[in-house]
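Spelled out, the chains give:
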Amino acid sequence: MKNILVTGGAGYIGSHICVELLNQGYGAIVMDNLCNSSKKALARVEEITGKRVKFYEADIREKSAFDEIFTSNDIYGVIHMAGLKAVGESVKEPLAYFDNNIGGTIVLLEAMKKRRVKRMIFSSSATVYDLGGEECLKETSPLGNSTSPYGRTKSVIEQMLTDIYASDNVWSIVMLRYFNPIGAHKSGLIGENPKGIPNNLMPYITQVAVGKRERVNVFGGDYNTPDGTCVRDYIHVMDLADGHIKAIRKFEETGLFVYNLGTGCPQSVLEVIHAFERANDLQIQYAIAPRRAGDAAKYYANADKAGEELGWKATRSIEDMCRDSWNWQSKNPDGY
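Residues numbered from 1 in each chain as written. Predicted model: local features only at pLDDT ≥ 70, side-chain atom pairs only at ≥ 80, totals over all residues. Heavy atoms only, no water.

### A word on the pattern of salt bridges
Pairing between side chains becomes possible if they bear opposite charge and their charged atoms approach one another. Our working rule: Definition used for salt bridges: Asp or Glu carboxyl oxygen within 4 Å of a side-chain nitrogen of Lys or Arg. Here a strand is any run of E in DSSP of at least two residues, a helix any run of H or I of at least four, and the numbering for each starts at the N terminus. Relative accessibility under 20% of the residue-type maximum defines a buried residue, over 50% an exposed one, and the middle range a partly exposed one, all with a 1.4 Å probe and only protein chains included.
By the definition in use, this model includes 16 salt bridges. One salt bridge connects Arg 316 with Asp 239, and the closest N-O pair in it is separated by 2.5 Å. Of this pair, Arg 316 sits in the loop between α10 (304-310) and α11 (318-331) while Asp 239 is found in helix α8 (residues 237-248), placing the two residues 77 residues apart along the sequence. A residue is classified by how much of its surface remains accessible, and Asp 239, at 2% relative accessible area, is buried. The shortest N-O distance in the salt bridge between Arg 292 and Asp 295 comes to 3.0 Å. The exposure class of Arg 292 is partly exposed, given its relative accessible area of 30%. Each of Asp 59, Arg 61 and Asp 99 takes part in salt bridges that share partners, so that together they form one network.

### Topic: the pairing of strand β4 (residues 75-80)
Filter applied, for reference: Strand pairing requires that DSSP identify at least two bridges connecting the strands.
Of all 6 residues that make up β4, 6 are buried, and the element is covered over most of its length. The pairing of strand β1 (residues 3-7) with β4 spans 5 bridges and is parallel. Within the sheet, the bridge partner assigned to Ile 4 lies in β4 and is Gly 77.

### Things to note about the pairing of strand β3 (residues 54-57)
Successive residues of a regular strand alternate their side chains across the two faces of the sheet. The following threshold applies: When the strands point away from the viewer, a crossover counts as right-handed if the path from the first strand over the helix to the second runs clockwise.
In this sheet, β3 lies alongside strand β2 (residues 27-32) in parallel orientation, the contact comprising 4 bridges. In the strand pairing of β3, Met 31 is matched with Tyr 56. Between β2 and its parallel partner β3, the chain crosses via helix α2 (residues 39-49), and the hand of that crossover is right-handed.

### Let's talk about the packing of aromatic side chains
Note the cut-off: Only rings of Phe, Tyr and Trp enter the pairing, Trp through its six-membered ring, and a pair is recorded when the two centres are within 6.5 Å. The plane angle decides the type: under 30 degrees is stacked, over 60 is edge-to-face, the rest tilted. A ring is scored as having a charge over it whenever the NZ atom of a lysine or the CZ atom of an arginine sits within 6 Å of its centre and within 35 degrees of its normal.
Evaluated as defined, the whole model comprises 5 aromatic pairs. Pairing Trp 328 with Tyr 336 gives two aromatic rings, centres 4.9 Å apart and planes at 50°, and the pair type is tilted. The ring of Tyr 223 is capped by Arg 291, whose NZ or CZ atom sits 3.9 Å from the centre of that ring.

Next comes the structure, spelled out in structure tokens:
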């Protein structure tokens, strides 16, 4: 059995990836400091799959933790997801983002190099693109000019990985540029569980639906979009997880590979709210609020390359995403 180390594996996306890893016969070893996640998510992963997750509670900036993990386990490859990820927060706390995201990745890469584990899937983001340019983004679209420190940390890490491969082409590195993951596992056992006020749209909607919040604040109603609200490419988290499983196949090759993971079907904030209402027969109160620092008006994915080279395509609809999100939140009104 091939063991995959998942940094940040107790988080929202990481826990869903662990389900698919275990279901596909891989071993899942998770490293997470639980700053924005829960150990209970991993217990739920085990409940869903009937298989064990090996867990290390540690920060990716801790060299000694990696020494223990790589010494005690035969690691085939790494899915690197650990990182701070809120655009708005990164504008307010840029140093924390550079320290954690970039500093932690350097520690991880040093540990991998030392142990000769040179296979990595990196959790990147559409924010590495120049979001002031093209709306439909391909892997060859212009990069840079990130609108937030969060996006810049992803850009710097991508450049580090590019330089590492250039210096040693034994590496197999897959950079997956996520668009906007929402939804939850169909069981309703795991889902998005932000601590404090949600920074992302869907958990805000579901918390309003479950009665924890009065209304959804829609940040900006005067963008140059059909209804004035921001437009994004929302992708079901299980489609995203499937993309990682298919990307592991690239570990059999050496190279530097880049793929967008999105649907190519953009939705505005108001369209998502209304889709949630239709899918779940609920009414969601919302109000237009001032624009949020770091937000771009509109962008979405061209994911043809992932289809051609990985055989991957998003298959779940926006209604599926809304139903599964509500199934999770309604069964777990207070999260984990």
